[in-house]
Structure formats: C-alpha cells, structure tokens
Amino acid sequence: MPDLNPISLWQRLLAAPNDSRGKTLTMAFLVSFAAALAVSSAAVLLGPRLDANREAERRARLEALIAETPGLAEVLPGSGIDSLEVLTVDLRDLSLADAVDPTQVTELTPDDDIAGIGTRPDLQQIFMARDGRDLALVILPVYGQGYQSTIRGYLALGPDLNTVIGLTITEQGETPGLGATIQTPGWLAQWPGTQLMDEAGEIRVAVVRGGGSTAYEVDAITGATRSSNGVQNMIRFWVGPLGFGPVLDALRSGDL
Amino acid sequence: MRAALKPLFDPLLRDNPVTVQILGICSALAVTTSMTTALTMSLALTAVLVASSAVISLIRRHIPAQIRLILQITIIAAMVIVADLILQAYAYAISQRLSIFVSLIVTNCIVLGRAEAFAMSHPVGPSILDALGNGAGYSAILMVIAFLRELLGFGTLFGATIFPTVADGGWYQPFGFMLLAPSAFMLLGLLVWALRSWRSEQVEPASTRVDREEALS
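Parameters and conventions
Residues numbered from 1 in each chain as written. Chains lettered and ligands numbered in written order. Predicted model: local features only at pLDDT ≥ 70, side-chain atom pairs only at ≥ 80, totals over all residues. Heavy atoms only, no water. Helix = DSSP H or I, 4+ residues; strand = E, 2+ residues; numbered from the N terminus. Buried < 20%, exposed > 50% of the residue type's maximum accessible area, 1.4 Å probe, protein only. Contact = heavy atoms within 4.5 Å. Areas by Shrake-Rupley, 256 points an atom, 1.4 Å probe, with all protein chains shown as cover. Lys, Arg positive; Asp, Glu negative; His and termini not counted. Charge placed at Lys NZ, Arg CZ, Asp CG, Glu CD. Core = buried A, V, L, I, M, F, W, Y, C linked by side-chain atoms within 4.5 Å. Pairing = 2+ DSSP bridges. Axes fitted to C-alpha atoms, helices over the stretch in contact; angles between N-to-C directions. Parallel < 35°, antiparallel > 145°, perpendicular 65-115°, else oblique. Left-handed = near helix turned anticlockwise from the far one by under 90°. Expected span 1.5 Å × (residues − 1). Phe/Tyr/Trp six-rings, centres within 6.5 Å; stacked < 30°, edge-to-face > 60°. Lys NZ or Arg CZ within 6 Å of the ring centre and 35° of its normal. Buried area = accessible area lost by both parts, 1.4 Å probe. Salt bridge = Lys/Arg side-chain N within 4 Å of Asp/Glu carboxyl O. Polar contact = N/O pair within 3.5 Å; in protein donor to acceptor, adjacent residues only side chain to side chain. Nonpolar A, V, L, I, M, F, W, Y, C, P; charged D, E, K, R; others polar.

Visitor: An account of the overall build of chain B is requested, with residue identities and associated values reported.
Guide: Each helix and strand counted, chain B has 9 helices and 2 strands in total. The N-to-C order of helical and strand elements in chain B reads α-α-α-α-α-α-α-β-β-α-α. Burial analysis of chain B (217 residues in total) assigns 43% to the buried set. Taking the contacts inside chain B whose residues are at least 6 apart along the sequence as the reference set, 72% of them involve residues at least 24 apart. As displayed, chain B has an accessible area near 10900 Å², and 69% of this comes from carbon and sulfur atoms. Side-chain charges of chain B comprise 13 positive and 12 negative groups, with the mean position of each set lying 8 Å from the other.

Visitor: Residues and numbers for the nonpolar core, please.
Guide: One finds Trp187, Trp191, Val231 and Ile235 of chain A to be the most contacted residues of the largest nonpolar core, which totals 42 residues. Counting residues per element, the ones that place at least two in this core are strand 1 (85-90), strand 4 (123-131), strand 5 (134-145), strand 6 (150-157), strand 7 (164-171), helix 4 (185-188), helix 5 (225-239) and helix 6 (245-252) of chain A. No other element matches the 6 residues that helix 5 of chain A contributes to this core. Here Trp187 of chain A is in contact with Thr181, Ile182, Val207, Val218, Asp219, Ala220, Ile221 and Val231 of chain A, once residues within four sequence places are set aside. Among the nonpolar cores identified, the runner-up in size contains 34 residues, and Ala28, Met35, Leu98 and Met143 of chain B belong to it.

Visitor: I'd like a description of the pairing of strand 7 of chain A, backed by residues and values.
Guide: Each regular strand displays side chains that alternate between the two surfaces of the sheet. All names here are of chain A. Burial analysis of strand 7 places 7 of its 8 residues in the buried class, the great majority of the element. Pairing analysis gives 6 bridges linking strand 6 to strand 7, with the strands arranged antiparallel. Across the sheet, residue Tyr154 finds its bridge partner in strand 7, namely Thr168. Between strand 6 and strand 7, which pair antiparallel one after the other, the connecting turn spans 6 residues, and Leu161 there sits at a positive phi close to 55°.

Visitor: Go over unusual backbone geometry, please, and point to the residues and values.
Guide: All names here are of chain B. The backbone of Ile22 shows a phi angle near 50°, a positive value even though the residue is not glycine. Among the secondary structure elements, Ile22 is positioned in the loop between helix 1 (2-9) and helix 2 (25-30). Assessed through its relative accessible area of 39%, Ile22 is described here as partly exposed. Despite not being glycine, Phe158 has its phi angle at roughly 50°, a positive value. Considering the arrangement of structural elements, one finds Phe158 in the loop between strand 1 (156-157) and strand 2 (160-161).

Visitor: Explain the packing of helix 3 (residues 35-58) of chain B against helix 6 (residues 109-117) of chain B residue by residue, including any values.
Guide: Residue and element names in this part refer to chain B. At a minimum axis distance of 10 Å, the contact between helix 3 and helix 6 shows a crossing angle of 25°. The angle between the axes of helix 3 and helix 6 places the two elements in the roughly parallel class. As for the relative orientation of helix 3 and helix 6, their crossing is right-handed in sense. Residues Leu45, Val48, Leu49, Ser52, Ser53 and Ile56 of helix 3 pack against Ile110, Val111, Arg114 and Ala115 of helix 6.

Visitor: Explain helix 8 (residues 181-198) of chain B to me, and be specific about the residues and the numbers.
Guide: The first and last C-alpha atoms of helix 8 of chain B sit 26 Å apart over 18 residues, in line with the 26 Å expected at 1.5 Å per residue. Lining the buried residues of helix 8 of chain B we find helix 2 and helix 7 (124-154) of chain B.

Visitor: Before we move on, can you summarise the side chain of Thr88 of chain A with the specific residues and values?
Guide: Residue and element names in this part refer to chain A. Among the structural elements, Thr88 can be located in strand 1. Using a relative accessible area of 7% as the deciding quantity, one classes Thr88 as buried. Not counting residues within four places of it along the chain, the set of residues in contact with Thr88 comprises Ser95, Leu96, Ala97, Asp98, Ala99, Val100, Leu123, Gln124 and Gln125.

Visitor: Quick one: what's the story with the packing of aromatic side chains, residue by residue and with numbers?
Guide: One pair of aromatic rings is described through two measures. These are the centre distance and the angle between the planes. Residues and elements named next belong to chain A. Per the counting criterion, the structure on display carries 10 aromatic pairs over all chains. Aromatic side chains Phe237 and Trp238 sit 5.0 Å apart centroid to centroid with 90° between the ring planes, which places their arrangement in the edge-to-face category. The buried category is assigned to Phe237, whose relative accessible area is 3%. Trp238 gets classed as buried once you look at its relative accessible area, which sits at 0%. By way of ring pairs, the aromatic residues Tyr143, Phe237, Trp238 and Phe244 are connected into one cluster. Positioned above the aromatic ring of Tyr143, the side-chain terminus of Arg152 is 4.8 Å from the ring centre.

Visitor: Please provide a residue-by-residue account of helix 7 of chain B, values included.
Guide: Counted at 1.5 Å a residue, the expected span for helix 7 of chain B with its 31 residues is 45 Å, and the 43 Å between its end C-alpha atoms agrees. Gly155 of chain B sits one or two residues past helix 7 of chain B and shows a positive phi near 75°.

Visitor: Report on the interface of chain B and chain A, specifying residues and quantitative values.
Guide: Many structure descriptions define interface size as the accessible area lost when the parts assemble. Every contact between the two is made by 22 residues of chain B and, on the other side, 21 residues of chain A. Counting each side, the surface lost to burial between chain B and chain A is near 1900 Å², with a carbon and sulfur contribution of 72%. When the buried surface of chain B facing chain A is broken down by residue, His62, Leu85 and Tyr92 of chain B rank first, second and third, together holding 29% of it. Where chain B packs against chain A, one counts 0 salt bridges. Here chain B is connected to chain A by 6 residue pairs in polar contact (both at pLDDT 80 or more). Of all the secondary-structure elements, those providing two or more residues to the side of chain B that touches chain A are helix 4 (68-90) and helix 5 (92-98) of chain B. With 11 residues, helix 4 of chain B is the single largest residue contributor to the side of chain B that touches chain A. Taken together, the residues of the side of chain B that touches chain A break down into 16 nonpolar, 5 polar and 1 charged.

Structure (structure tokens):
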C-alpha cells in the first residue's frame, strides 16, 4: 500500500536527493505551475484595466485619424468622433443589429482567408459621416495577421467608397524598427488617395516594393515583407466580398 | 553590520553591474532618452530582480543542478510578464514608450547573473539586499545617462523645460546626437573611464586586456 498522505509525500520530496529523476520532474512541474498561475492570475485580475486602456488607445487613434485627415474635421458636424454615426451591420444579410456579438462568426476556408483570421465575426461596427444627406466618409475596422501579431486598424474611405482617405493602425506587435513601421505616420501617409478597385470592380490595391507607380499601389517596407503583405491582405479581405464589400455596394446604391 | 550590508552597497559603485561588469547595457542604451522611461525601467528591473532573487533563494536547496538555469529563467520570465502587465494596466503611456524593453528584462544578464551568482548560494535576506543593491546600481547609471541625454537632447528633465529651446523661442539649440543610441555608448564609455580613473582598482588586470600588437595585426 503506497503512502498517499500529502504531508509525508511532501516531506519525502524535500528529503529526496536533488538530482533524483523524480525530484527533477516534480520541481520542473511545480515551478512551471507556479509561474503559470502567477501570470494567468495577473492577466485575469488586470484584464479589465488592460481592456479599458486599449479601448482608450483605439478611440484616441480614431480621433487622430479624423484630426490628421485634411477636410475630415470640417465634414463632421460637431467635434470629433462623437459626431460619427455608428452602424452595427450583420455581414451575412446586411441587416442592422443593436450590438456587436463576438460569438456569431463565419468559418473561412483557407482559400478565402487571405487575412489569416480563421473566422470572421458577422456583426461589425462601422462609422459614417454625412454631409447633409450625402455620404461624406465611411470608416471600417480592419484586422488581419501580420508577421508575428494581429494587426488592427481603421480604414477611412471617401464618398466614392473607393478612394482611401486614411489608414490608421491601432494595434500591432510587429518587429520594432522593421514591421512596426506600418504604424508610423510616414508610412501611413502614403495611403490617402490610394484607389481600392478599378472600374471593373476588381480589387487592385497592393503593397509592393517600389510601389506607388499606380493609384492602386503603396510602397512596401524593406525588410518587412510579411508585415507589408499583412496590411495588404487585411485591406483586400475587408473590402472584398467576404468583408465589407456587400456593405459598400449597398451604401453605393443607397440601400443602407 | 558593515559586512551584513555589503551586498547592498557594493554594487552601487565598487562592483556596479553596468560600469564594472558591463552587464545590461542594451536596455541602458535603449531607454535613456528620457528620465521618465529610464526611471520606470529601473523600477521594473529592480522589482523583478528582488522578486526573482527572493524566490530563487527560497527554493535554492531544492533546485536540481541539471535544470537549474531553466527553472531560474522560468521564474524570472513569469515575474517579467507580471511586471509588464502591471505597467500596461497602471502606466499605459509609459509602457507603450518602453515597448519591448520591459519584456526584454528577462534576457538582462544582471537578473540571471544575480540569481546564479548570489541567490543560488545565499539565504533570502542577503539575496534581497544583493538584488536591491544591484537594482540600485543599474538604476543609478541609467539615471545619470538619462539625465545627460534628456537635458542635452531636449533641454528638459522629466519632461519639464530646463533650457528653453530655440524652437520654443528660447536660446538652447538641442544636441540631437544625444537622442541617438551611439551617444549612450559614448556617455557610458566616458563614465566608465571617469570611474576607473578615480578608482583605479576597477581597471582589469593586464591579462584580460586585448594585447595591443595583437589587436593591431
């Protein structure tokens, strides 16, 4: 009958020679377990504060996008982000919903999933501003897989829903100095004026090395090809048929 | 009494981890463009160092020799993640400016160095003192370099204007070089040189120096 009394087991463990196999395995397990416990409790306890900080950051960046884009502030009645009309759209049938529900998602097949996101949340919040009755601006949330992190941002489109007014990156964890350049004002300054689609409706927007020669191209970052591709693919996905493409069509025809 | 406090005071000057052992200089270069980031980084490193030294010293008699380093690193890494989360929760703006350098405390040689060289072979009390001393020694050097870089590079200290710059209608032309990483190398080098001229016992014995002719050939 093995002795299962925890106190005597613990004493036996402490008394065991340090280099015995049992003690090595037990110590490795105990230390990893304690470390995992410390990290996860910190993450859970601080979670609400962290989320609030990230939300404030997102809001500040959206405000910065509005402030930095020429002509945008004048379009908005009142001041800043609060004058934006917020719509929660169900991407499956273009109906309007009351709140975002992250549990409703659509699985993407690997071929469709160019942004590398796995599943697409069906309910999305978009922001719009109107100039009188005409659409002046639409801001779409976009995200996708970069080189080593998820890149999140907002894409602002002009009244033709094809010309980029601005792109802002709110969250990324790419390599500092290389991929993280996607968040710098200098790189983002290339986006205003970029066209998403040609007349036939084909998505042409691209981030390419030495780009900028056509209205559809933006110059990629040297040494950060995969971060550059990540931004390109995330925009292509979200303005495409599985992203906001149908929403944009509905806005163009005035159905939404 | 003096002997008991030796682990606390020795690393401040006589055996400073940065200027004597030349450890932890990567972060010392990266976060010293402003006093605020340097102070935050110093506090984070000291907290991680004290906590990890205490825990490692506490269980030192039961750490199997073969997996010694990996256990130390696991403990240190957990502490660093917790410190990083606390910073992100309570000092979000500063944690964004420090970017990856807080997470990189885990690779800071000072932390693992003190765990291996001191905490593994000393009781908890002296280990905490040693950690505090080394944290303070690291912090002191960071603050000196950050003081010079921020004052000369921006004309400010902790963000408050000391020298009004030309751009703001004052008289001070900021020394832009101070904001680049190489300036931290040069300041650190000058500091090491000054300290070793003053306390010549810190100069390495001739055997560890690179032979001049060998270096030239």
